[in-house]
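Structural characterization, general
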Amino acid sequence: MLVARIKFYILPSMSPHQYGFMPQKSTEDSLYTIMQHIRSKLNEKKMVTLISLDIEGAFDSAWWPAIRVRLAEENCPVNLRRVIDSYLSNRVVRVRYAGEEIKRETNKGCVQGSIGGPILWNLLLNPLLQELTQQGIYCQAFADDIVLVFDGKTALDIERPANAALEHVFAWGVKNRLRFAPHKTCAMLLTRKLKFDVPRLAMGGIQIKMAEEIKLLGLTIDSSLTFNTHIASVCKKALGIYKLLARTARVSWGLNPDIVRLIYTAAVEPVILYAASAWAPAANKLGVRKQLNVVQRGFAQKMCGAYRTVSLHSALILAGLLPLDLRIREAASLYEAKKGLPHPVLGDREIEQMTPAIKAPHPAERASLEFGRLMDEEQYQRNTNFDLRIFTDGSKIEGKVGAALSLWNSTEEIRAIKLALPSYCTVYQAELLALCRATVEAQKSNEASVGIFSDSMAALQTVASGSPHPLAVKTRDTIRNCMLQNKSVSLFWIKAHAGLQGNERADVLAKEAALKSKKKPDYELCPVSFIRRKIRMDTIDEWDRRYRAGETAAITKLFFPNATGAYRVVRKIGACKTTTQLMTGHGGFSEYLNRFKCKENPSCVCDPVKEETVPHILFECPVFSIDRHNIEQELNVKMSAENIPSLIQGLERNKSTEINSIKHIC
């Protein structure tokens, strides 16, 4: 409670270059921003020097008198400052050893484990960041990790301002009793020039060493921006997970493929995709793609129960995975789109972004919203004593989106409102828009008590939970204004299609708004889900082009001639070792066994001249002619290489018949 109030007063004045323990900021934001800055300076043909500062025992060394002064400088109310004074007073450090106890008073350190430690540290560090920014120096911080970036045409252009800034930082540390460690501070020079001098840097009279690599927030940045070291590191970590997994996941026993998929999705991909937006261009290099393929191939083979000889393309198709380099590019594109940066997928649309935390009202003014749950007609009737009842609903039908309100007095509908949304919006947005408009109508009305009824639990929870969604924020603000006008506004969840007249009426109106409305949209911010879907479609198209052009996976292409169709239906097949052997040709077939010296010849039992391959067994071998005929009669289709893909696509309608028939032949 105390921290929330302190944040309300100090967040608006905090430096935008502090990313640690700040609302709506992350390590990826910090890394992406600094990499964009470095690349822009390199494109201007400048030399860039990156300096990473180290503070010895930063949180343990935060000086309390300086924190008290900073709270006063930020005009924090006296009552809060007194509470902090009490919190930081009379603290004692006790050490017990060999039956003895030593006590000493302390006047520094953000108390370990305290929820207020991070914000008090940011408060203490903020003047340094602002002073550096005012001097025209690019700086960033994530809690106590501080980075300075200098650029210039020559080493001398960098050397002068950098040394001056380092001395300023060192002096600030002495003033605030924080010790910057020059021997742990390192710098790195980035340039595209072939001939250049290295700037000589010093801090506190100690020379700062130049490094070829610097690790920032888990991302290893090298002087050439190849990110080879970082990629090798994350691939090594992922392969370590695979080696542990391989012991317990075999073709015929061990972990279920779904468990392997869960481990891959929850543990391996996040390790590799971390801060992808900062280093995504490196994923386009052939050498990097090969490293990523080595990691992914093993996991894909475990998911679909394939032999180790199966190609990467076949394993990815049957496992339903996208190549890791494409996933990295996808993650980077999605990150940039979320930040509102121009993107081809967005076109002229504006993406829906969360409301900044600094615009939140004072904690004491934040209404504690709750909503009732009405499960049946009887419970509803006990909650109808309102001067005005408003029923809301949202609908998406035939690719069109709409929302509606139905306003009722004690006996009848007095007004109906239809709201239009673009086709790319979601039902969730429609439900939130309807709730938001309902609160606006409640504020406009002359009634003293208003009940708002919605069948969307998700929308009501979003409003009640304090979510920064723009529609939820506006809804809460309107409810707060109603309270100031002495109006009672109550929210209720009602079960959909339970026969409640108002709810059924709102449902009809919402469908009409979706299908028939031709007015300008009442809300047209693009949801992140739409952008994610569009980017995923582009990724699949690229994967399809790569798959078609590949020289491997010949047997798999018999069943899945394109990756687009495969990605849509492969999860429904439920790949097992039998179907995988059939769809890859790597299994108990004479041609395959002969290739690896496990059988003397590749011939089929039906004819010594014929090789026993998957196409031969499915379409030609007389040994299976009766089974083939029975299946053709059952499916009413001729078994041929041209028809197999359409049979597989039919799994969208029937999950078992076609694939079980093919399994039976195998």
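So, here is what we can say about the structure in this document. In this text, all values refer to a predicted model and were calculated from it rather than measured experimentally.

Let us now look at the overall build of the protein chain. Scanning the protein chain from N- to C-terminus turns up 26 helices and 19 strands. Along the three orthogonal principal directions, the C-alpha set of the protein chain runs to about 95 × 80 × 65 Å. By the burial criterion, 48% of the 666 residues in the protein chain qualify as buried. By sequence separation, contacts in the protein chain at least 24 residues apart represent 70% of the contacts at least 6 residues apart. Of the accessible surface of the protein chain, which amounts to about 32,800 Å², a share of 51% is contributed by carbon and sulfur atoms. On the protein chain, the mean spot of the 89 positive side-chain charges and the mean spot of the 68 negative ones are 4 Å from each other.

A word on the sheet that holds strand 5 (residues 145–152). The strand order across the open sheet formed by five strands is 4-5-1-6-9, and the pairing between neighbours is mixed. Each having just a single partner strand, strand 4 (138–142) and strand 9 (209–210) make up the two edges of the open sheet. Relative to strand 5, strand 1 (residues 47–53) runs antiparallel, the two sharing seven bridges. In the strand pairing of strand 5, Leu53 is matched with Ile146. Running at roughly 160 degrees to strand 4, helix 5 (residues 117–134) makes contact with strand 4 and strand 5 of the sheet. The strands touched by helix 6 (residues 155–175) are strand 1 and strand 5; relative to strand 5, the strand with the most contacts, the crossing angle is about 150 degrees.

Here we come to the environment of Asn75. For Asn75, the location among the structural elements is in the loop between helix 3 (64–73) and helix 4 (78–87). Asn75 gets classed as exposed once you look at its relative accessible area, which sits at 63%. Considering only alpha carbons, one finds Asn75 and Lys41, 34 residues apart in sequence, at a separation of 38 Å.

A separate point is helix 3. Those residues of helix 3 lying buried are Trp64, Ala66, Ile67, Arg70 and Leu71. One side of helix 3 carries all its buried residues, which in axial view fall inside an arc of 155 degrees. Where helix 3 ends, the next residue or the one after it, Asn75, has phi of about 60 degrees, a positive value.

Attention shifts here to the pattern of salt bridges. As enumerated under the stated definition, the model contains 26 salt bridges in all. A salt bridge links Asp325 to Arg546; its shortest N-O distance comes to 3.0 Å. Within this pair, whereas Asp325 is found in helix 12 (residues 324–338), its partner Arg546 is found in helix 18 (residues 528–549), the two being separated by 221 residues in sequence. For the residue pair Asp325 and Arg546, the accessibility class agrees, reading buried in each case. Across the salt bridge formed by Lys511 and Asp507, the nearest N and O atoms sit 3.5 Å from each other. Of this pair, Lys511 and Asp507 both sit in helix 17 (residues 501–516), four residues apart, which is roughly one turn of that helix. Salt bridges linked by common partners bring Glu269, Arg327, Glu330 and Arg536 together as one network.

Okay, the packing of aromatic side chains next. This structure, assessed with the given rule, holds 17 aromatic pairs. Taking the centre distance of 5.1 Å and the plane angle of 65 degrees together, the rings of Tyr32 and Tyr335 count as edge-to-face. Of the two residues, Tyr32 is situated in helix 2 (residues 27–43) and Tyr335 in helix 12; the sequence distance between them amounts to 303 residues. The exposure classification of Tyr32 matches that of Tyr335, with both residues buried. An angle of 55 degrees between the planes, with centres 5.9 Å apart, marks the rings of Trp543 and Tyr547 as tilted.

With that settled, consider the pairing of strand 5. Strand 5 sits mainly inside the fold: six of its eight residues count as buried. In this structure, strand 4 lies alongside strand 5, joined through five bridges in antiparallel fashion. When the bridges of strand 5 are listed, Phe142 appears paired with Asp145. Connecting strand 4 to the antiparallel partner strand 5 that follows it, the hairpin turn spans two residues, and Ala143 within it adopts a positive phi of roughly 60 degrees.

A word on a nonpolar patch on the surface. Side chains of Val93, Val95 and Ile102 sit close together on the surface and give an oily, nonpolar patch of about 260 Å² of accessible area. Relative to the helices and strands, Val93 is located in strand 2 (residues 92–97). Look at Val93 and you get partly exposed, because its relative accessible area is 45%.

This part is about the side chain of Ser449. Within the secondary structure, Ser449 sits in strand 16 (residues 449–454). At a separation of 3.1 Å, a polar atom in the side chain of Ser449 contacts the main-chain amide nitrogen of Asp387. Excluding its chain neighbours within four sequence positions, the residues that come into contact with Ser449 are Asn385, Phe386, Asp387, Leu388 and Ser488.

The first and last C-alpha atoms of helix 16 (residues 470–484) sit 21 Å apart over 15 residues, in line with the 21 Å expected at 1.5 Å per residue. When we look at burial in helix 16, the residues that qualify are Leu471, Ala472, Val473, Thr475, Arg476, Thr478, Ile479, Arg480 and Cys482. Tucked into the core, helix 16 has its buried residues touching helix 14 (427–444), helix 15 (457–464) and strand 17 (488–494). Looking one or two places after helix 16, you find Asn486, whose phi comes out positive at around 60 degrees.

This part takes up the sheet that holds strand 12 (residues 371–374). On the basis of which strands lie adjacent, the open sheet formed by six strands has the order 12-17-16-13-14-15 and mixed pairing. The open sheet has two edge strands, strand 12 and strand 15 (413–421), and neither has a second partner. The average angle at which neighbouring strand axes cross in this sheet is 25 degrees, direction not considered. As paired elements, strand 13 (residues 388–397) and strand 14 (residues 400–408) share nine bridges and run antiparallel to each other. Bridge assignment links Ile390 to a residue of strand 14, and that residue is Leu407. Sheet strands touched by helix 15: strand 12, strand 16 and strand 17. Its angle to strand 12, the strand with the most contacts, is close to 160 degrees. Those strands touched by helix 17 are strand 13, strand 14, strand 15 and strand 17, and its axis lies near 145 degrees from that of strand 14.

A few words on the nonpolar core. One finds Ile38, Leu50, Phe227, Ile328, Phe559 and Phe560 to be the most contacted residues of the largest nonpolar core, which totals 83 residues. The leading source of residues in this core is helix 10 (residues 286–304), at seven residues. In terms of nonpolar packing, the next biggest core, distinct from the first, is built from 47 residues, Ile84, Leu132, Leu178 and Leu201 among them.

This part covers the pairing of strand 1. In terms of burial, strand 1 is a largely internal element, seven of the seven residues being buried. Along strand 1, one buried face is formed by Met47, Thr49, Ile51 and Leu53 and the opposite face, lined by Val48, Leu50 and Ser52, is buried too. Summarising the sheet, strand 1 and strand 6 (residues 186–190) pair through five bridges and their orientation is antiparallel. Bridge assignment links Thr49 to a residue of strand 6, and that residue is Leu189.

To continue, consider a positive patch on the surface. A grouping of Arg349, Lys396, Arg533 and Lys534 is seen on the molecular surface, where their side chains present a positively charged patch. Mapped onto the elements of the fold, Lys534 is located in helix 18.

Parameters and conventions
- Residues numbered from 1 in each chain as written.
- Predicted model: local features only at pLDDT ≥ 70, side-chain atom pairs only at ≥ 80, totals over all residues.
- Heavy atoms only, no water.
- Helix = DSSP H or I, 4+ residues; strand = E, 2+ residues; numbered from the N terminus.
- Buried < 20%, exposed > 50% of the residue type's maximum accessible area, 1.4 Å probe, protein only.
- Contact = heavy atoms within 4.5 Å.
- Areas by Shrake-Rupley, 256 points an atom, 1.4 Å probe, with all protein chains shown as cover.
- Lys, Arg positive; Asp, Glu negative; His and termini not counted.
- Charge placed at Lys NZ, Arg CZ, Asp CG, Glu CD.
- Pairing = 2+ DSSP bridges.
- Axes fitted to C-alpha atoms, helices over the stretch in contact; angles between N-to-C directions.
- Arc of directions from axis to C-beta.
- Salt bridge = Lys/Arg side-chain N within 4 Å of Asp/Glu carboxyl O.
- Phe/Tyr/Trp six-rings, centres within 6.5 Å; stacked < 30°, edge-to-face > 60°.
- Patch = residues over 30% accessible without salt bridge, like charges linked within 9 Å, V, L, I, M, F, W, Y side chains within 5 Å.
- Polar contact = N/O pair within 3.5 Å; in protein donor to acceptor, adjacent residues only side chain to side chain.
- Expected span 1.5 Å × (residues − 1).
- Core = buried A, V, L, I, M, F, W, Y, C linked by side-chain atoms within 4.5 Å.

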